[in-house]
Amino acid sequence: MTKFTEHLRRRWLAIPKRVWACLLTLCCLSLTLCALIFSVNVVYVSDSDGNRRMLVTAVTDPQRLMEMSGIRAEAEDDVYFTAYNGNLASLNIQRAFPVYIQADGALHSTELCTGTVQQALDLAGISLGEHDYTEPSLHTPIEEGMEITVHRVEYQDSYQDQAVPYETEYRYTSLYHRNRYASVTLQQGVEGVDRITTRSRVVDGVVESTQVLGVERIQEPQNEIIKAYQAGAPVSQMEGPEVVDGVPSSYTRVLTGRATAYSGSGRGASGLGLYEGTVAVDPNVIPYGTKLYITSADGSFVYGYAIATDTGTALREGHALVDLYFESYSDAVTAAVHQVNVYVIG
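Residues numbered from 1 in each chain as written. Predicted model: local features only at pLDDT ≥ 70, side-chain atom pairs only at ≥ 80, totals over all residues. Heavy atoms only, no water.

## A closer look at the overall build of the protein chain
- Secondary structure summary: the protein chain contains six helices and 22 strands in total.
- Out of the 346 residues in the protein chain, the part that is buried amounts to 33%.
- Within the protein chain, contacts between residues at least 6 apart in sequence are counted, and of these 65% link residues at least 24 apart.
- In the form shown here, the protein chain has an accessible surface area of approximately 21,200 Å², with 52% of it arising from carbon and sulfur atoms. (Helix = DSSP H or I, 4+ residues; strand = E, 2+ residues; numbered from the N terminus. Buried < 20%, exposed > 50% of the residue type's maximum accessible area, 1.4 Å probe, protein only. Contact = heavy atoms within 4.5 Å. Areas by Shrake-Rupley, 256 points an atom, 1.4 Å probe, with all protein chains shown as cover.)

## A closer look at the side chain of Thr110
- Residue position: Thr110 is located in strand E6 (residues 106–112).
- Non-local contacts of Thr110, meaning those with residues more than four positions away in its chain, are made with Phe97, Pro98, Val99, Ile101, Ala120, Leu123 and Ala124.

## Let's talk about the nonpolar core
- Of all hydrophobic cores here, the largest spans 30 residues; its most connected members are Ile294, Tyr303, Val322, Leu324, Phe326 and Val342.
- For this core, the secondary structure elements donating two or more residues are strand E17 (253–262), strand E18 (278–280), strand E19 (291–296), strand E20 (302–310), strand E21 (322–325), helix H6 (329–335) and strand E22 (338–344).
- Setting aside residues no more than four positions away along its own chain, Ile294 makes contact with Val279, Val302, Tyr303, Gly304, Ala306, Leu324, Val340, Asn341 and Val342.
- If you look at the next biggest cluster of nonpolar residues, it comprises 13 residues, including Ala103, Leu112, Ile126 and Met146. (Core = buried A, V, L, I, M, F, W, Y, C linked by side-chain atoms within 4.5 Å.)

## Notes on the confidence of the model for the protein chain
- Per-residue confidence for the protein chain gives a mean pLDDT of 90; residues scoring 70 or more make up 88%.
- Note on residues 31–38: pLDDT is under 50 here. Beyond four places in sequence and across chains, it has two contacts. (pLDDT = per-residue confidence, 0-100.)

## Points about helix H4 (residues 117–124)
- Residues of H4 that are buried: Val117, Ala120 and Leu121. Buried residues of H4, viewed axially, fall in a sector of 100°; they line one side.
- Looking at the buried positions of H4, the neighbouring elements they touch are strand E5 (97–103), E6, strand E7 (133–135) and strand E8 (147–151).
- Taken from the residues just after H4, Gly125 is the one with a positive phi, measuring 75°. (Arc of directions from axis to C-beta.)

## Some thoughts on the side chain of Thr198
- With respect to the helices and strands, Thr198 occurs in strand E12 (residues 192–203).
- Note on Thr198: relative accessible area 15%, which makes it buried.
- Here Ser158 takes part through its side chain, which lies 2.7 Å from a polar atom of the side chain of Thr198.
- Those residues in contact with Thr198, other than ones at most four positions away along the chain, are Gln156, Asp157, Ser158, Thr210, Gln211, Val212 and Leu213. (Polar contact = N/O pair within 3.5 Å; in protein donor to acceptor, adjacent residues only side chain to side chain.)

Below you can see the structure in the form of structure tokens.
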């Protein structure tokens with residue numbers, strides 16, 4: 001072993017110094033190269049317009065990398081920096097593109113890379129009212145060159161009055177048997193009023209649709225009332241036993257005599273009120289409160305059922321059997337005098 005060791009030592013010492021210098025230089029270069037390999041990175045910088053650069057650098061700040069590559073991001077661009085995988089990384093710039101918004105009679109524009117219609121409106125500072133809408137809808141993803149239209153919507157209520165026709169009501173009476181074409185308007189007809197409420201949907205200043213919300217009757221119509229002739233129609237509206245062929249189906253006796261007519265106000269001699277259907281009598285002949293049925297002897301005039309409530313001098317003196325009450329003086333004049341049958345009901 002000693003001889004072998006000695007042999008190696010001699011061989012080692014026999015190596016020229018020049019060789020040793022070369023070996024040392026190679027070692028230094030190898031160490032430097034290793035240091036560079038572990039400290040230098042490869043970064044690919046690109047944008048959505050198709051620009052691309054490769055950088056070999058130790059820089060890791062995205063802003064510095066963009067400056068070095070000459071591919072810079074604008075204010076609305078999105079920058080995506082992929083974390084290093086070993087010594088390899090990428091930096092991608094997504095360029096913002098214009099989006100146009102038509103609103104309130106003006107064309108607005110904004111730039112962004114991704115998002116929805118709602119985000120584009122927010123960037124442009126455009127707000128929507130409660131009923132406003134957009135085309136396309138708010139949740140639609142934006143696309144390059146997209147045109148967005150904002151529709152302003154409001155609802156307007158309006159009111160319209162519509163006439164409600166009145167009806168004509170006829171009250172028939174045999175009072176006008178002497179002039180069967182005569183008639184009297186007791187009450188003038190008055191049209192009613194319905195108020196119609198409508199709501200219009202107005203889109204961008206144009207009425208798109210209208211619907212009726214409701215109809216309110218603000219004034220009832222007043223029927224026109226006309227009194228006209230009808231054969232056998234009684235003047236009095238009082239009810240009683242059925243009348244067959246002009247004669248009540250039930251009565252105790254019948255009196256025949258002269259009937260006169262009067263009108264006025266207040267109460268009768270019996271203390272009861274006066275109205276069509278009350279008559280004046282001689283209470284010694286027909287007691288107060290007696291129910292009667294009165295018709296002309298020839299049947300052309302029918303006063304109808306009545307109650308004896310009043311009296312008068314002519315009646316007590318026998319100049320008339322009954323005095324018929326009418327609502328108006330003109331009706332009393334029209335009635336004048338009739339020869340009548342008075343059926344005593346009870």
